[in-house]
Amino acid sequence: MTVQVATCSAAQLFSECLHTEPSSSANAIVTSDNETVAGALTIPEYQRPYCWQDKQLDGLLQDIESHTQRNAELPYYLGSLILHKEDGKLNIIDGQQRITTLALMGCLLDQEPSSIGGLVYEHPTSQQQIKHNLQWLHDHLDWVRDGIDFHKLQFTLVITQSEDDAYRFFETQNTGGVRLGGPDIIKAHHLRAIENRTLQPQFARQWEAMGKLDSTVSALLKGRFWQGVKHRPLPSHNQKKLIRDCIVDELAQATGEGDDIAYGRIRRQIGLAGEISQQTDQQGYEVRQPLNAGINSIRYLAYFQGLHQRYWQQPDLPHLPGYQQFVEWLQDLDGCGYLEKLYEACLLLYISQYGENQLEQAAKKLFRVVYSRRVSNQKAVRENSIPSFIGDYPVLDWIAASYTPAQCFAFLDAFELKVDPSNLDKNSVKQRFVKAVCEHFALGLEVSEYEKGFAPALNRKIAGGQG
């Protein structure tokens, strides 16, 4: 790993990092091994858009003001910038948000404003945010003018000769004011893995068109991690760094090299004369399939993001009115957040294997199994109870191991629904859930009948195929 390190002020950075030839001036940036830093600052196509908002601008100015009041003679440290040196350019791998924000301030203060003119912002989000932030900074111009001196703002530059080395720093460090989540990091990983650089802008636009991937990635991780043959635990939702590490490892670092490959199951029908015809319900990728870095992983995520939006987040399925009505009702249930996340993973797995084949039936049969935790528990459904439930009833494996919807339904129908009587006789979340289910499926039960009548009535409606 070839890495150079230098310390410089914002004034030095903006004035020196425009030149392809080393500067001989006293203002030159010199690394720890006595080499002069030179190269035009650029933002790679695959970087996320500029997204700092009022909160980050206000926080930065307040921090600088507070520091100046305490230590007026000492520089304010803005963290490290990770740069990849390539063909006379210094590609910004980590630090775009801070550099762009300072550049906007420089434009207003006329402190080397032209020095960052080589940066290009093509993404509409970046352009809109730059326009907004310029206005915000202009509205607070006195504060900016009194508090900002580029000669007293200091960076550490980490400069690598290898893009891979730069991203190793980036993935482990990420010092920006808006901390990157896992999907942002894997975006950079896969876009830079595309060997044909002329295709990077096309796939960068495709990635941005996906929108927020967090819910889809969460469902995919459950589908990939919670399996009997190769079970792996997932961190709690509030362990942000561990979740990010899981995403980066599973959907970036552990991906292989090779072509865009989609695995799937094919039905081969063999006739009396031995002739073979082939059919498949699948149009895309398998949840649990191996992935290759670059285009393969990008299209895999785009496919499942599309499924997630079409069949869960924003269903618009006039040809499947029963299914659409059911999932819209399901999303309004109270006290079922952790169960809903497991349900999303099951739904994605089923649809990726069987498409819309008997989808309404599948959705209701999956509901009976997954949401059983709501009535088999005494009170709340805790997050740590979900992996335990999957260990006892591997519903994801039931789907993945089935070759036909009928096989899958046999697994789901064999599940025994149990009702714990606790809190059914009072206005609890549990009672409200049972009441909502009774009303939706027209079970015709009174509160006094919930304990003994709920499970057999729901079984008749769903497991019996009447629902």
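In this text the structure is predicted, and so the values were computed from the model without any measurement. (Residues numbered from 1 in each chain as written. Predicted model: local features only at pLDDT ≥ 70, side-chain atom pairs only at ≥ 80, totals over all residues. Heavy atoms only, no water.)

Chemist: What's the story with the overall build of the protein in this structure? I'm lost.
Modeler: Across its full length, the protein holds 20 helices and 7 strands. Viewed in the frame of its principal axes, the protein has a C-alpha envelope of about 85 × 65 × 35 Å. Relative to its 467 residues, the protein shows a buried fraction of 50%. A fraction of 70% describes how many contacts in the protein between residues 6 or more apart in sequence connect residues 24 or more apart. Of the roughly 22300 Å² of accessible surface on the protein, a fraction of 48% belongs to carbon and sulfur atoms. Computed over 45 positive and 56 negative side-chain charges, the inter-centroid distance for the protein is 8 Å. (Helix = DSSP H or I, 4+ residues; strand = E, 2+ residues; numbered from the N terminus. Buried < 20%, exposed > 50% of the residue type's maximum accessible area, 1.4 Å probe, protein only. Contact = heavy atoms within 4.5 Å. Areas by Shrake-Rupley, 256 points an atom, 1.4 Å probe, with all protein chains shown as cover. Lys, Arg positive; Asp, Glu negative; His and termini not counted. Charge placed at Lys NZ, Arg CZ, Asp CG, Glu CD.)

Chemist: Quick question: what am I supposed to make of the nonpolar core here?
Modeler: Across soluble globular proteins, nonpolar side chains have a tendency to be buried as a group. Counting 88 residues, the largest nonpolar core has Tyr-323, Tyr-343, Phe-367, Tyr-371 and Phe-454 as its most contacted members. At 11 residues, helix α13 (residues 337-354) tops the list of elements feeding residues into this core. Those residues in contact with Tyr-343 that lie beyond four places of it in its chain are Trp-312, Phe-326, Leu-330, Ala-363, Lys-364, Leu-366, Phe-367, Val-370 and Tyr-371. Of all hydrophobic cores here, the second largest spans 40 residues; its members include Ala-10, Ile-29, Trp-52 and Ile-148. (Core = buried A, V, L, I, M, F, W, Y, C linked by side-chain atoms within 4.5 Å.)

Chemist: Is there a simple way to think about the sheet that holds strand β3 (residues 76-86) in this case?
Modeler: Paired through backbone hydrogen bonds, the strands of a sheet run either parallel or antiparallel to each other. Spatially, β1-β5-β3-β4-β2 is the arrangement adopted by the 5 strands of the open sheet, whose pairing is mixed. Only two strands of the sheet have a single partner each, and these edge strands are β1 (3-9) and β2 (40-42). Adjacent strand axes in the sheet meet at a mean angle of 35° when their direction is disregarded. With 7 bridges connecting them, β3 and strand β5 (residues 153-160) associate as parallel partners. (Pairing = 2+ DSSP bridges. Axes fitted to C-alpha atoms, helices over the stretch in contact; angles between N-to-C directions.)

Chemist: How should I be thinking about the environment of Leu-90 in this particular structure?
Modeler: As for its placement among the helices and strands, Leu-90 is situated in strand β4 (residues 89-94). For Leu-90, a relative accessible area of 0% gives the class buried. C-alpha of Leu-90 to C-alpha of Tyr-354: the two residues are 264 residues apart in sequence and 48 Å apart in space.

Chemist: Help me understand the confidence of the model for the protein, please; the structure alone is not making it clear to me.
Modeler: The predicted coordinates should not be examined in detail at positions where pLDDT is low. Looking at the protein, the pLDDT average stands at 86 and 90% of residues meet or exceed 70. In the model, residues 18-23 has pLDDT below 50 throughout and makes 15 contacts with residues more than four positions away in sequence or in other chains. In the predicted structure, residues 112-116 sits below a pLDDT of 50 and forms 11 contacts with residues beyond four places in sequence or in another chain. (pLDDT = per-residue confidence, 0-100.)

Chemist: Would you explain the environment of Gln-313 in this entry?
Modeler: For Gln-313, the position within the fold is in helix α11 (residues 295-313). Residue Gln-313 is classed as partly exposed on the basis of its relative accessible area, which comes to 33%. Gln-313 sits 188 residues away from Thr-125 along the chain, and the two C-alpha atoms are 23 Å apart. Beyond its immediate chain neighbours, meaning those up to four positions away, Gln-313 contacts Ser-215 and His-308.

Chemist: Which parts of the structure should I look at to understand the environment of Leu-359?
Modeler: Locating Leu-359 in the fold gives a position in helix α14 (residues 359-370). Using a relative accessible area of 1% as the deciding quantity, one classes Leu-359 as buried. Once residues within four sequence positions are removed from consideration, Leu-359 is found in contact with Tyr-311, Leu-320, Tyr-323, Leu-347, Tyr-350 and Ile-351.

Chemist: Even after reading the chapter, I still don't get unusual backbone geometry, so can you show me in this structure?
Modeler: Across residues other than glycine, the phi torsion is negative in most instances, and most of the peptide bonds are trans. Even without a glycine there, the phi angle at Gln-358 is positive, about 55°. Along the chain, the position of Gln-358 falls in the loop between α13 and α14. Overall, Gln-358 belongs to the partly exposed group, its relative accessible area being 36%. For Asn-423, which is not glycine, the phi dihedral falls at a positive 65°. The topology assignment puts Asn-423 in the loop between α18 (405-414) and α19 (429-440). The exposure class of Asn-423 is buried, given its relative accessible area of 15%.

Chemist: What am I meant to see in the pattern of salt bridges here?
Modeler: When the charged atoms of two side chains with opposite charge come close together, those side chains can pair. Per the counting criterion, the structure on display carries 12 salt bridges. Notably, a salt bridge pairs Glu-360 with Lys-364, separated by 2.9 Å at the nearest N-O pair. Placement of both Glu-360 and Lys-364 in helix α14 is noted, with a separation of 4 residues, approximately one turn of the helix. Taking the relative accessible area as the measure of exposure, Glu-360 reaches 31% and is therefore partly exposed. (Salt bridge = Lys/Arg side-chain N within 4 Å of Asp/Glu carboxyl O.)

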